[in-house]
Amino acid sequence: MQTRPWARLGTGACAPPSGHVHEAAEDLCEAVLSSLRRRDQREKGLQYVQGLLATPGRKSIRNIAQQIGGSATDQSLHHFIAGSTWDWRPIRIALSRYLEQSCPLTAWVIQPMTIPKGGEHSVGVGRQYDPQRRQMFRGQQAFGIWFTSAHVVTPVGWRLHLPDEEASDGSGETYEECAVTGILEAVRQVGLPPRPVLLDIPSIGTRSTMNRFADAKLPVLARISPDTRLLVTDPALPGHGAGALAASEVLQKVRALRTPAVWADPAHPGRRRATLVAAVRVMMPDPAPTRRRHLTLLGEWTDPHQPPSQLWVTDLSQPAPPNPVALLRLTKQMGRVSATSANSVQEVGLRDFAGRSLSGWHRHVTMASVAHAARCLSESGVSAGAALA
């Protein structure tokens, strides 16, 4: 793990990663690749991560190999990613725990990532619906599990939404089921104390989703659509006793309860913004009364004269009265992930794997997540070796 891959670069190779990124990558790989039993595998892992950081343009295995050793390296790296048998899950777990020691977790965020692709030569490619852009596209649909803290925003886990014919059990998963299963499995495997899970996916805050998180005893804050039906539980508020109402209607009835909230704009560091927010105690209608749990409906208004622009439901702040400003500020972790992913996902090649191997896809995005974390640690000023201390 001590030999820097660019020390063996041939003539014409690009320069090593700038600044302290390569040092952060070395420290990080030494800590999180320990599950790879053989020394040569750990060296290949470090090579791959450094290649992802150093290679310009598309981060294909061939392009990475050209930067760190040429055609002979191409075959060995291809085997390391697509043909080997090492398990990527312990590396993801180690990455999350390393980051927790460096800069403690604030919240988990799960966010979709569309990967436009043509042809039939990549796992999971098909005609799919992108709910973020509300349009069909051809390619892959993945879900990233992001670690967010005061100084770190980086993916630590992934799940690929497979077409029915590619699912291992033949049944496939819905879009919502894939996202929820991905985050629940990732958080359970890491084994950290429960922290809020933010679901940054339009209209994912359904009854089945909220019930799955309740069964897992994980606090959750999820987006909902304006027409989600809810029951107002506070007798003092308008709408109580009126049956199930659309979430937007519930919030419009409590406009007088709105309060100003000031928060840091994730898209413009250093800038602060102010919007209006209100919170209402609600329940989701359920045929089984025992499954009706108290939730908080949260609404945000960017224009006080228009309907709320964002709506969420959460089981946080239970049983204490909800603090709408604190909840709204927590939702801005989603914005931090969006701003980060827009600028850095392509820089480490998270969309660049091509191949029919699902395990190969997982190994590639795991190494790319390590590279992303190294870049994030080096840019944030957090000591990459803090976890080892």
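So, how was this worked out
Residues numbered from 1 in each chain as written. Predicted model: local features only at pLDDT ≥ 70, side-chain atom pairs only at ≥ 80, totals over all residues. Heavy atoms only, no water. Helix = DSSP H or I, 4+ residues; strand = E, 2+ residues; numbered from the N terminus. Expected span 1.5 Å × (residues − 1). Buried < 20%, exposed > 50% of the residue type's maximum accessible area, 1.4 Å probe, protein only. Contact = heavy atoms within 4.5 Å. Polar contact = N/O pair within 3.5 Å; in protein donor to acceptor, adjacent residues only side chain to side chain. Axes fitted to C-alpha atoms, helices over the stretch in contact; angles between N-to-C directions. Left-handed = near helix turned anticlockwise from the far one by under 90°. Nonpolar A, V, L, I, M, F, W, Y, C, P; charged D, E, K, R; others polar.

By the naming in an unreviewed UniProt entry, the protein chain is ISXo8 transposase, taken from Streptomyces cirratus.

> Give a description of helix 5 (residues 89-102) that names residues and reports values.
The terminal C-alpha atoms of helix 5 lie 20 Å apart, and with 14 residues this matches the ideal 20 Å at 1.5 Å per residue to within 8%. Taken residue by residue, helix 5 has Ile-91, Arg-92, Ile-93, Leu-95, Ser-96, Tyr-98, Leu-99, Glu-100 and Ser-102 as its buried positions. The inward-facing, buried residues of helix 5 contact helix 1 (21-32), strand 1 (105-116), strand 3 (135-149), strand 4 (153-161), helix 6 (175-190) and helix 10 (358-380).

> So, the side chain of Asp-200: which residues are in play, and what are the values?
Inspection of the secondary structure puts Asp-200 in the loop between strand 5 (197-199) and helix 7 (207-215). For Asp-200, a relative accessible area of 4% corresponds to the buried category. Within the local environment of Asp-200, its side chain forms a polar contact with the side chain of Gln-111, the two groups lying 3.3 Å apart. Polar side-chain contacts of Asp-200 include one of 2.9 Å to the side chain of Arg-223.

> Go over the packing of helix 2 (residues 39-54) against helix 10 with me, naming the residues and quoting the values.
Remark: helix 2 packs on helix 10, axes separated minimally by 9 Å, with the N-to-C direction vectors making an angle of 65°. Viewed along their axes, helix 2 and helix 10 form a crossing whose handedness is right-handed. Residue-level inspection shows Gly-45, Tyr-48, Val-49, Leu-52 and Leu-53 of helix 2 in contact with helix 10, the latter providing His-364, Met-367, Ala-368, Val-370, Ala-371 and Arg-375. Split by residue class, the contact of helix 2 with helix 10 holds 8 nonpolar, 2 polar and 1 charged.

> Tell me about the environment of Gly-243, residues and numbers included.
Considering the arrangement of structural elements, one finds Gly-243 in the loop between strand 7 (229-232) and strand 8 (245-246). In this structure, the C-alpha to C-alpha distance between Gly-243 and Leu-231, residues 12 residues apart in sequence, is 6.0 Å. Setting aside anything within four residues of it in sequence, one finds Gly-243 in contact with Leu-230 and Leu-231.

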